[in-house]
Amino acid sequence: MKNIRNFCIIAHIDHGKSTLADRLLERTNTVSERELQEQTLDNMDLERERGITIKSHAIQMQYSKDGQVYTLNLIDTPGHVDFSYEVSRSIASCEGALLIVDATQGIQAQTISNLYLAVEHNLTIIPVLNKMDMESAMPDEVEDQIIDLIGCDRSEIIRASGKTGMGAEEILNAIVERVPPPTGDPDAPLQALIFDSVFNSFRGIIAYFKVVNGKIRKGDKVKFFNTGKEYEADEIGVLKLEMVPRDELSTGDVGYIISGIKTSREVRVGDTITHVDRPCSKAISGFEEVKPMVFAGVYPIDTDDYEDLRAAIEKLQLNDASLTFQPESSVALGFGFRCGFLGMLHMEIVQERLDREFNMDVITTVPNVPYKVYTKQGDVMEVHNPSGLPEPTVIDHVEEPYIRAQIITRSEFIGPIMTLCLGKRGELINQHYLTSDRVELSFDMPLAEIVFDFYDKLKSISKGYASFDYYTTGYRTSKLVKLDILLNGDPVDALSTLTYFDNAYPLGRRMCEKLKELIPRQQFDVAIQAAIGAKIIARETVKALRKDVTAKCYGGDITRKRKLLEKQKKGKKRMKQVGNVEVPQKAFINVLKLD
Ligand code: GDP
Ligand code: MG
């Protein structure tokens, strides 16, 4: 136990966590030259393309120092807010953290939010200044920021480069010297913290854990504390680049368990593994049920694909327990599913995986947050779909989720960011200067206001010099109304939204304008209307057009003609018939992407 070091890497996205991790694996000969692909830890295609780590992983290294061999367990954490609960469980499994800051960018919002989590868990922090090879590096200035933030000594900060390998040795030495070995009692009843799980099509669910107290042996009868389910430890082991089976893992060890679990629902990140025969008296604290905060309808373009879509979503859910779904139907879109996601990035990832891995052509409706509806009779219901809202006459009031948002930016952008956030019903809570020209702003805001295009807007008004993070703080009462969209007089349920009363008129108008752009001309006029209840608040018309696309090719080149027809056919496939109106697939999600 005294030669074990468990650590994680915390960093803002793109600051070089994965790259630096690869250098550590290389230095410790954990991966051979041949095995070393760029960014070994990000092993899902999508992750690699987007340059983000979606699921956390763990890997064990051996490092010799002063004649002693140390086992270093690197627990990788996802960097995005959507996955902050997973970050917190990974951090809870460690005794130390490398705090990586890009020397060209300085401290960003996720640097701070992840640092807070690490400090909360009493982790030893090793500050690392990365990307020192770059000409635009500002080491002194960024060191000042780090010193200011964590109150360390300048000499404790390691200058490194994931690109050249500079600092890798120094980092490994610092991990051995500064991070304390794990504590815990090997003779106590077993208590192991699950910090991640993955689905493997051959082996089922593989859960990753850290032994906090006691020992676990292959073949042991174990119980998962929060689900109460019992299993046999068919295989346990440690994680190198591959899984390496072991007979026993003891206090402080990080490893995996395979026990015939079929779906990710049975394994909850944050749950405690203990023995059936000699159970621990209580679970490791901090377990949370992860709740989806963004909901959207997912419908097959072709109604015949409904069962295939169900199978695809079920498959995705096998390794993504935070994805929820239930069947729903829409007058406009037919049969589909209401899916729950952790956040917008999570939603995009699921959508993309449906497309890539299952070749599913789907329509995603405008996302919304979960609402709490209080009826006049005193009932509370959670509503995941605006069209599921009860009649206005029975509603007493509606509550919506709020967040605390943290934005770090340069002082010159305070004005525009303030305008943006106040316009999104934000309330300024705090304004704190990190250095003379870097400021941290905190706002309380409705989650609904940031779900959609907030992040893109923030990026553009700050020219990319603003980073953003948030956590949910609870529900508050809001004056919300349901805004309906009608096409040729028929309400299209999939386009209904719940919106803040003061925003309803401008939003209705802009949605009509946007739909006018999105809906192509048809054989007849298409009336687009926005309504609150029976009251029409905006209207646009798409004028009829009889267009024979081949006419202008008359007598001309036949291949050109065929090409045009084919193009038109292809365009058609991306359309959805709503009543008698053809609506493009993308209209359902793009209608709220205003300006
Ligand atoms: P992560 O999001 O924190 O995991 O960041 P990555 O490791 O994916 O790195 C983000 C980008 O920065 C990638 O394009 C890397 O190639 C690049 N990068 C990472 N570390 C360095 C470095 O030390 N120097 C330079 N020049 N580029 C780096
Ligand atoms: Mg990464």
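What you are looking at is a predicted structure, and each value in this text was computed from that prediction instead of being measured.

Would you mind showing me how to read the overall build of the chain here?
Scanning the chain for helices and strands turns up 14 helices and 33 strands. Taken over 595 residues, the chain has a buried fraction of 55%. Across the chain, every contact between residues at least 6 apart in sequence was considered, and the portion connecting residues at least 24 apart equals 69%. Carbon and sulfur atoms provide 48% of the accessible area of the chain, an area that totals close to 26,800 Å².

How do you make sense of the packing of aromatic side chains when you look at a structure like this?
How two aromatic rings sit relative to each other is set out by the distance from centre to centre and by the angle between their planes. Here the structure, examined in full by the defined rule, presents nine aromatic pairs. Seen in terms of ring centroids, phenylalanine 195 and tyrosine 208 are 6.2 Å apart; in terms of plane orientation they differ by 50°. Their pairing is tilted. Of the two residues, phenylalanine 195 is situated in strand E7 (residues 191-200) and tyrosine 208 in strand E8 (residues 204-213); the sequence distance between them amounts to 13 residues. Of the two residues, phenylalanine 195 and tyrosine 208, neither departs from the other in class, the shared state being buried. Among the aromatic residues, ring-to-ring pairing joins Tyr306, Phe325, Phe335 and Phe337 into one connected group. One Lys or Arg, lysine 372, reaches over the ring of tyrosine 475 and ends 4.2 Å from the middle of that ring. Against the face of phenylalanine 501 rests lysine 479, its NZ or CZ located 4.3 Å from the ring centre.

Would you mind going over the site of ligand 1 with me for this structure?
In the neighbourhood of ligand 1, 17 residues make up the surrounding shell, with Asp14, Ser18, Thr19, Asp133 and Gly162 lying closest. Taking histidine 15, its main chain carries an N or O atom lying 3.5 Å from an oxygen atom of ligand 1. Between a nitrogen atom of ligand 1 and a side-chain N or O atom of aspartate 133, the distance comes to 2.6 Å. For ligand 1, whose unbound accessible area comes to 580 Å², protein coverage reaches 80%.

What should I look at first to understand empty space enclosed by the protein in this one?
If a probe as big as a water molecule is rolled over the atoms, it shows which places are left empty. This model, assessed by the stated rule, comprises one cavity of 30 Å³ or more. Approximately 30 Å³ is the volume attributed to the largest cavity. In terms of lining, the largest cavity is formed by Val298, Phe341, Met347, Val350, Gln351, Leu354 and Thr364. Considering each element in turn, the lining of the largest cavity owes the most residues, four residues, to helix H8 (residues 344-358). In the lining of the largest cavity, the residues fall into five nonpolar, two polar and no charged.

Would you take a moment to explain helix H4 (residues 109-120) for this structure?
Since the α-helix advances by 3.6 residues per turn, residues separated by three or four positions end up pointing in the same direction. Between its first and last C-alpha, H4 extends 17 Å over 12 residues, near the 16 Å set by a 1.5 Å rise per residue. Where burial is concerned, most of H4 is hidden: nine out of the 12 residues are buried.

Before we go on, may I ask you to explain the sheet that holds strand E20 (residues 362-364) in this structure?
Across a sheet, paired strands are connected by hydrogen bonds in the backbone, their directions being either parallel or antiparallel. Strand order in the open sheet formed by four strands is E18-E19-E17-E20, with antiparallel pairing between adjacent strands. Looking at which strands have only one partner, the edges of the open sheet turn out to be strand E18 (324-330) and E20. Strand after strand, the sheet turns through a mean of 30° between neighbouring axes, direction not considered. Strand direction decides the pairing type here: strand E17 (residues 294-300) and strand E19 (residues 334-341), joined by five bridges, are antiparallel.

Sorry if this is basic, but what is going on with the UniProt feature "binding site: GTP" (unreviewed entry) in the chain here?
With numbering matched to this structure, UniProt assigns "binding site: GTP" (unreviewed entry) to Asp14, His15, Gly16, Lys17, Ser18, Thr19, Asn130, Lys131, Met132 and Asp133. Examined against the element boundaries, threonine 19 turns out to sit in helix H1 (residues 17-27). The topology assignment puts aspartate 133 in the loop between strand E5 (124-130) and helix H5 (139-150). By relative accessible area, aspartate 133 is classed as partly exposed at 35%. If we ignore the near neighbours within four places in the chain, the residues touching aspartate 133 are Ser161, Lys163 and Thr164.

Honestly, the sheet that holds E5 in this entry has me stumped. Any pointers?
Strands sit in the order E2-E3-E1-E4-E5-E6 across an open sheet of six strands; the sheet is mixed. Taken across any chain shown, the strands that pair with only one partner, and hence form the sheet edges, are strand E2 (58-65) and strand E6 (158-159). For E5 and E6, the ladder comprises two bridges, and the chain directions are parallel. Bridged to valine 128 within E6 is isoleucine 158. In the packing of H4 onto the sheet, contacts are made with strand E1 (4-11), strand E4 (96-102) and E5, and the angle to E1 comes to roughly 150°.

Help me out: how do you make sense of the pattern of salt bridges in this one?
It is possible for side chains bearing opposite charge to pair when their charged atoms get close. Taken as a whole and assessed by the stated rule, the structure comprises 27 salt bridges. For arginine 159, the salt bridge is made with glutamate 143, and the minimal N-O distance between the two is 3.0 Å. Residue arginine 159 is located in strand E6, and its partner glutamate 143 is located in helix H5; the two are separated by 16 residues in the primary sequence. Several salt bridges converge on common partners, so that one network encompasses Asp140, Glu143, Asp144, Arg154 and Arg159.

What am I meant to see in unusual backbone geometry here?
With the exception of glycine, most residues fall at negative phi, and the peptide bonds are largely trans. Of note in the backbone geometry, aspartate 66 takes a positive phi value of approximately 50° without being a glycine. By the secondary structure assignment, aspartate 66 is in the loop between E2 and strand E3 (68-75). Given a relative accessible area of 70%, aspartate 66 falls into the exposed group. Not every positive phi belongs to a glycine, and asparagine 488 is a case in point at roughly 45°.

When you look at the packing of helix H3 (residues 84-92) against H4 in this model, what are you seeing that I'm missing?
Between two packed helices, the angle of one axis relative to the other and the distance separating the axes together describe the packing. At their nearest, the axes of H3 and H4 sit 9 Å apart, and the two run at 35° to each other. Crossing handedness for the pair H3 and H4: right-handed. Across the interface between the two elements, Ser84, Val87, Ser88 and Ile91 from H3 touch Asn114, Leu117 and Ala118 from H4.

Looking at this structure, how should I read the state of the cysteines?
Note on terminology: a disulfide is the covalent bond linking the sulfur atoms of two cysteines. By the definition in use, this model includes zero disulfides. Cysteine cysteine 152 is unpaired, with the sulfur of cysteine 8 as its nearest cysteine sulfur at 17 Å. Judged by its relative accessible area of 12%, cysteine 152 falls in the buried class.

Is there a simple way to explain the pairing of E7 in this structure?
Along a regular strand, successive side chains alternate from one face of the sheet to the other. Among the 10 residues that make up E7, eight are buried, leaving the element largely enclosed by the rest of the structure. Note that E7 and E8 share nine bridges and pair antiparallel. Its bridge partner lying in E8, glutamine 191 is registered against asparagine 213. Pairing of E7 with strand E16 (residues 272-275), which is carried by two bridges, proceeds in the antiparallel orientation. Each bridged residue has a counterpart across the sheet, and for alanine 192 the counterpart in E16 is isoleucine 273.

Analysis parameters
Residues numbered from 1 in each chain as written. Chains lettered and ligands numbered in written order. Predicted model: local features only at pLDDT ≥ 70, side-chain atom pairs only at ≥ 80, totals over all residues. Heavy atoms only, no water. Helix = DSSP H or I, 4+ residues; strand = E, 2+ residues; numbered from the N terminus. Buried < 20%, exposed > 50% of the residue type's maximum accessible area, 1.4 Å probe, protein only. Contact = heavy atoms within 4.5 Å. Areas by Shrake-Rupley, 256 points an atom, 1.4 Å probe, with all protein chains shown as cover. Phe/Tyr/Trp six-rings, centres within 6.5 Å; stacked < 30°, edge-to-face > 60°. Lys NZ or Arg CZ within 6 Å of the ring centre and 35° of its normal. Near = heavy atom within 4 Å. Polar contact = N/O pair within 3.5 Å; in protein donor to acceptor, adjacent residues only side chain to side chain. 1 Å grid on protein atoms, 1.4 Å probe; cavity = no way out; pocket = protein on both sides within 12 Å on 5 of 7 lines; lining within 4 Å. Points joined across faces, edges and corners; volume = space filled by probe spheres on them. Nonpolar A, V, L, I, M, F, W, Y, C, P; charged D, E, K, R; others polar. Expected span 1.5 Å × (residues − 1). Pairing = 2+ DSSP bridges. Axes fitted to C-alpha atoms, helices over the stretch in contact; angles between N-to-C directions. UniProt positions renumbered as here; feature names shortened; annotations may be inferred. Salt bridge = Lys/Arg side-chain N within 4 Å of Asp/Glu carboxyl O. Left-handed = near helix turned anticlockwise from the far one by under 90°. Disulfide = S-S within 2.5 Å.

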